[in-house]
Amino acid sequence: MAVIVVGAGPAGTRAAARLVEAGLRPILLDEGSRQGGQIYRRQPENFTRPPAALYGSEAGKATALHRDFAALRPHIDYRPETLAWGARPGELLTLHGETATALRYDALILATGATDRVMPVPGWTLPGAYTLGAAQIALKAQACAIGRRPVFFGTGPLLYLVAWQYRKAGVEVAAVLDTSPFAARLRALPLLAARPGVLLAGLRYTAALLRAGVRVESGITPLAVEGEGGRVAAFRWRDRRGREQALATDAVGMGYGLRSETQLADLLKCRFAFDPVARQWLPELDAEGRSSVPGVYLAGDGALVRGADAAELAGRLAACALLRDAGHPVDPLETAHLRAGLRGMARFRRGLETAFPWPGAQAAALPDATIICRCEAVTAGDIRHAAAALDAPEVNRAKQLMRPGMGRCQGRVCGLAAAEVLAAARGVPVRAAGRLRGAAPVKPLPVATRMPEETP
Amino acid sequence: MTPEANRADVLIIGGGLMGAATAFFLRRHGLSAILIERDLVGQAATNASFGNIRRQGRFLPQLPLANRSRALWGQLGALLGEDAEFLASGHIRVAFEEAEAAKLEAYAAQARPYGLELEMIRGPAMRERFPFLSPAALMVSHSPQDGHANPRLAAPAFARAARRAGARVVERAPVLGITRDGVDFVVETRGAGSFRAPVVQVSAGAWGRAFARELGEDVPLTARSPQMGVTEPMPYRIPPVMGLASSRPGEGVYLRQVKRGNIVFGGGRRCPADLEGQRALLDPANTLRQLPFLAQLLPPMARLRVIRTWSGVEGYIGDDLPVMGASARLPGLFYAFGFCGHGFQLGPGVGASMADLIATGDAGVPLEPFSIARFAGGFPAAMAEGAHLE
Ligand SMILES: Cc1cc2nc3c(=O)[nH]c(=O)nc-3n(C[C@H](O)[C@H](O)[C@H](O)COP(=O)(O)OP(=O)(O)OC[C@H]3O[C@@H](n4cnc5c(N)ncnc54)[C@H](O)[C@@H]3O)c2cc1C
Ligand SMILES: Cc1cc2nc3c(=O)[nH]c(=O)nc-3n(C[C@H](O)[C@H](O)[C@H](O)COP(=O)(O)OP(=O)(O)OC[C@H]3O[C@@H](n4cnc5c(N)ncnc54)[C@H](O)[C@@H]3O)c2cc1C
């Protein structure tokens, strides 16, 4: 039986391991050059920082995952630097260098992870403005900081984590500015208590930042990233009391939690449903990770953002579901156990979305000149024009008429914000603004690509 | 009872470019029109189109219609208040072999009497004029007045202008059936009630066959999904639309650079289409098959990356000609569908000619070769299965 697992992060690695336990030899592919995924991202071969320095409190888990992967390696067909860019029923199209391959599969597990969720603000496209994820990657993978005195703003646990990681690396952090009100975090406490360890770690980062004298605020409204000489020079915001504030800074890191990478599921025509908690359209899944398309399973943050620990469980669970569907014996206790583990994670996730909500409403207040789609330089005003004068009821129509999401990222960065701007302009709930349809290639495909032979 | 607002002189079924343009031009004749679209205006074949405003290479008796349409493209700004990014930047067919060059020369000679002037350019003159061409190019057939436009903008622009001129545009209203009631046609929709008029035009694209068959006039239409793609931008320096002249299946790729810098491309094999699901099917491997020919046609493309691919559902008629004109069976019934992959260029002309025909009985340009009557005696089954397409 031909099984492909896309994504070698915690979810994909655990899925592949479970398939190997059942005697299968899955293909595990990842566009990255080294296994580990987003959180346990490895440093380049020639870097030698110890795990504790790289992964902090998660060092133990990172080491375990890397070690387990090394043991798994001989039993799988591992293909690093291999992008899954297209799909047709029963076949995945991949790219390695400039060589494309059509890989046949009987079953597929998509464990493609998540990327930063971005809410634009005037000036967010200036050089020196990064997403939180990019800021973290710069530190983890390249050991360099985005600036000398960065401001971090947005919301979510990653905001505090990244700021703390910067501080620990000796960078002077100018401020950590959270759009979520502190009261929301209190409200979310009962849900967050589902994972006390994680909750505590989060509180520790905040406390450490405060102890280090970093300015930490909640309930802010970002106003603008300001530039000078074509680079970030200052950040302006309104504090929770409504007063305008500004800080000089040479770099900003921003992010509002994560959004699942779902294009492959879209290309495979999996059914999507609107998730009111995340305010996003996500593939419809059963409790074990089965999509609406037989033989296609999803796991990890690419299915639903619940973090790395949940990703490991979900990866294993999706593999169990696949195995059971393929007629392999699976101990019901094992799946029951995994499902129970995930229930706590789901509660925790609701807590996170309550504590650190996506500030969708900010979209309505963005000045017309704010760039929303950076690939195509489409402004909030352009989207409002599509919504009103051009009568676009949903995002794909707006894209056809004014181009938000037309560029090389296919709306992965701007899609959610564009939907919020459109929905606000039309006075409808964001669900009614729909979701941008995906298209191959998932990431840009060189024209020089050749497919030597169609693999049997 | 049909409410008064749902009655008009003409009902148009299908709001692609053909339907939207017809509604616009009917208003210029003073006829009331209701355009009924299943989804959103322009969202089917028209939206997916490559955007070629190309006359060269067309079936010769279609050139009067194509010429009329080309003239209208040039007037779009004045007519609609927006130009749908139409650019008369020329169109070249590039031959890499003498046999293909000879075909282009023969076509040029035949097209001249129809008022289409094509220049055959070779050697240094060709390289000077089109410096981006591959060194292997032998000859180009240049149509200086052809060009390209943005297919996503055209149909909505016509529909908005039609609406401003007093037409009614009903979206998200799938037509369930057309029946005859006395002198009127009654058109039932899902969601928007029923409509009534003495004249109906079926311009439902690839879905036109189902209506024609219901009305007793079957045609050999097959739905296909031609595949398009677009690269990331590079500096703007390729004004003309380019097509590779080749008769080998799969090689006939074409491309155009938009002013933003991206290169839009298409051609080669077409995938099947899912008419019922209203979905074009796309085979990513087909994109891979297009790439070498694109790089042959325009070597600098080899350094770019494809950022998106798409397709749309298009209706191909067995003899590669559209169905246009009056029904051969029912007075008051008109057709304009099945444009075989070349309807985008024709759109404004089709709208103007159908409106003229409906309003005055004279389309202004010859439409006889496209009459549905040509299939009245039946057709070979293979013709309806797209035998000519493979
Ligand atoms: C930028 C960022 C920083 C984060 N930092 C932290 C943190 O510090 N602490 C924390 O607890 N959590 C963090 N998270 C969350 C954490 O990374 C995830 O919860 C966890 O990694 C989820 O595991 P996963 O296996 O689902 O996905 P991932 O670990 O993201 O793995 C997905 C893998 O799929 C690959 N992939 C995706 N699409 C394709 C494709 N089309 N073809 C081939 N390969 C593909 C990717 O390269 C990636 O390696 C972060 C997330 C992000 C996005
Ligand atoms: C990918 C692609 C590339 C192309 N490239 C070019 C090109 O470069 N140059 C060129 O000249 N031509 C090109 N064409 C062809 C051109 O796009 C079409 O011939 C033209 O757009 C057809 O317009 P239409 O209005 O007939 O059809 P459509 O645009 O398909 O419109 C038909 C409309 O009817 C509606 N409809 C169907 N059934 C019902 C119903 N029951 N009730 C209500 N409404 C209904 C549909 O929703 C649709 O909006 C291309 C086509 C495709 C698909």
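Residues numbered from 1 in each chain as written. Chains lettered and ligands numbered in written order. Predicted model: local features only at pLDDT ≥ 70, side-chain atom pairs only at ≥ 80, totals over all residues. Heavy atoms only, no water.

> Where do I start with the site of ligand 1 in this structure?
All names here are of chain A. Close to ligand 1 lie 30 residues; Ala 11, Asp 30, Gln 136, Leu 161 and Asp 301 are nearest. One of the backbone N or O atoms of Ala 11 is found 2.8 Å from an oxygen atom in ligand 1. Here Ala 308 contributes a backbone N or O atom positioned 3.0 Å from an oxygen atom of ligand 1. Burial of ligand 1 by the protein amounts to 90% of the accessible area it has alone, namely 970 Å². Taken together, the residues of the shell around ligand 1 sort by class into 16 nonpolar, 11 polar and three charged. Of the residues that make up the shell around ligand 1, three or more belong to each of domain 1 (3-116 + 259-352) and domain 2 (129-256). (Near = heavy atom within 4 Å. Polar contact = N/O pair within 3.5 Å; in protein donor to acceptor, adjacent residues only side chain to side chain. Areas by Shrake-Rupley, 256 points an atom, 1.4 Å probe, with all protein chains shown as cover. Nonpolar A, V, L, I, M, F, W, Y, C, P; charged D, E, K, R; others polar. Domains from an automatic or database assignment.)

> Got a minute to help me understand the state of the cysteines in this structure?
Note on terminology: a disulfide is the covalent bond linking the sulfur atoms of two cysteines. All names here are of chain A. Applying the stated criterion across every chain yields a total of zero disulfides over all chains. Here Cys 409 stays free of any disulfide, with the sulfur of Cys 375 as its closest cysteine sulfur at 4.0 Å. Note on Cys 409: relative accessible area 15%, which makes it buried. (Disulfide = S-S within 2.5 Å. Buried < 20%, exposed > 50% of the residue type's maximum accessible area, 1.4 Å probe, protein only.)

> How should the environment of Met 126 of chain B be read in this particular structure?
Residue and element names in this part refer to chain B. With respect to the helices and strands, the residue Met 126 is situated in helix H5 (residues 123-129). Met 126 gets classed as buried once you look at its relative accessible area, which sits at 0%. Separated by 13 residues in sequence, Met 126 and Met 139 place their C-alpha atoms 7.3 Å apart. (Helix = DSSP H or I, 4+ residues; strand = E, 2+ residues; numbered from the N terminus.)

> Can you walk me through empty space enclosed by the protein in this structure?
Gaps between atoms show up when a probe of the same size as a water molecule is rolled over them. Residues and elements named next belong to chain A. Following the criterion strictly, the structure yields three cavities of 30 Å³ or more and no others. The calculated volume of the largest cavity comes to roughly 420 Å³. Surrounding the largest cavity, 26 residues form its lining, Arg 259, Thr 262, Leu 416, Arg 435 and Leu 436 being those nearest its centre. Breaking the lining of the largest cavity down by element, the ones donating at least two residues are strand E17 (258-260), helix H8 (263-267), strand E18 (272-275), strand E19 (280-283) and helix H14 (415-426). Counting residues per element, the lining of the largest cavity draws most heavily on H14, which supplies four residues. For the lining of the largest cavity, the class distribution of residues is 10 nonpolar, nine polar and seven charged. (1 Å grid on protein atoms, 1.4 Å probe; cavity = no way out; pocket = protein on both sides within 12 Å on 5 of 7 lines; lining within 4 Å. Points joined across faces, edges and corners; volume = space filled by probe spheres on them.)

> What exactly am I supposed to notice about the side chain of Arg 209 of chain B here?
Residue and element names in this part refer to chain B. Summarising the element assignment, Arg 209 is placed in helix H7 (residues 208-214). Arg 209 sits in the buried class, given a relative accessible area of 15%. Sequence-distant contacts of Arg 209, that is, excluding residues within four places in its chain, are made with Asp 218, Val 219, Leu 221, Phe 337, Phe 379 and Ala 384. (Contact = heavy atoms within 4.5 Å.)

> What is the right way to look at the pairing of strand E11 (residues 175-178) of chain A in this model?
Regular strands show a simple pattern: their side chains alternate between the two faces of the sheet. Residue and element names in this part refer to chain A. Here E11 shows two buried faces, one formed by Ala 175 and Leu 177 and the other by Val 176 and Asp 178. Bridge count for strand E10 (residues 151-155) against E11 is four bridges, and the pairing is parallel. Bridge pairing in E11 links Val 151 to Ala 175. With helix H5 (residues 157-168) bridging E10 and its parallel neighbour E11, the resulting β-α-β unit is right-handed. (Pairing = 2+ DSSP bridges. Right-handed = clockwise from strand over helix to strand, strands pointing away.)

> Please clarify how the interface of chain A and chain B should be interpreted in this entry.
A common way to report how large an interface is uses the accessible area buried once the components associate. Contacts between the two partners involve 34 residues from chain A, matched on the other side by 34 residues from chain B. Roughly 2,900 Å² is buried in total at the junction of chain A and chain B, and carbon and sulfur atoms are behind 58% of that figure. Counting the surface chain A buries against chain B, the share from its top three residues, Arg 397, Arg 408 and Val 447 of chain A, is 22%. Where chain A meets chain B, there are three salt bridges. With a closest N to O distance of 2.7 Å, Arg 88 of chain A and Asp 283 of chain B form a salt bridge. Inspection of the region where chain A meets chain B yields eight residue pairs in polar contact (both at pLDDT 80 or more). In terms of residue class, the side of chain A that touches chain B is made up of 18 nonpolar, five polar and 11 charged. Strand direction decides the pairing type here: strand E23 (residues 445-446) of chain A and strand E18 (residues 305-311) of chain B, joined by two bridges, are antiparallel. By the bridge assignment for E18 of chain B, Pro 446 of chain A is matched with Arg 305 of chain B. (Buried area = accessible area lost by both parts, 1.4 Å probe. Salt bridge = Lys/Arg side-chain N within 4 Å of Asp/Glu carboxyl O.)

By themselves, these figures tell us nothing about what the structure is for.
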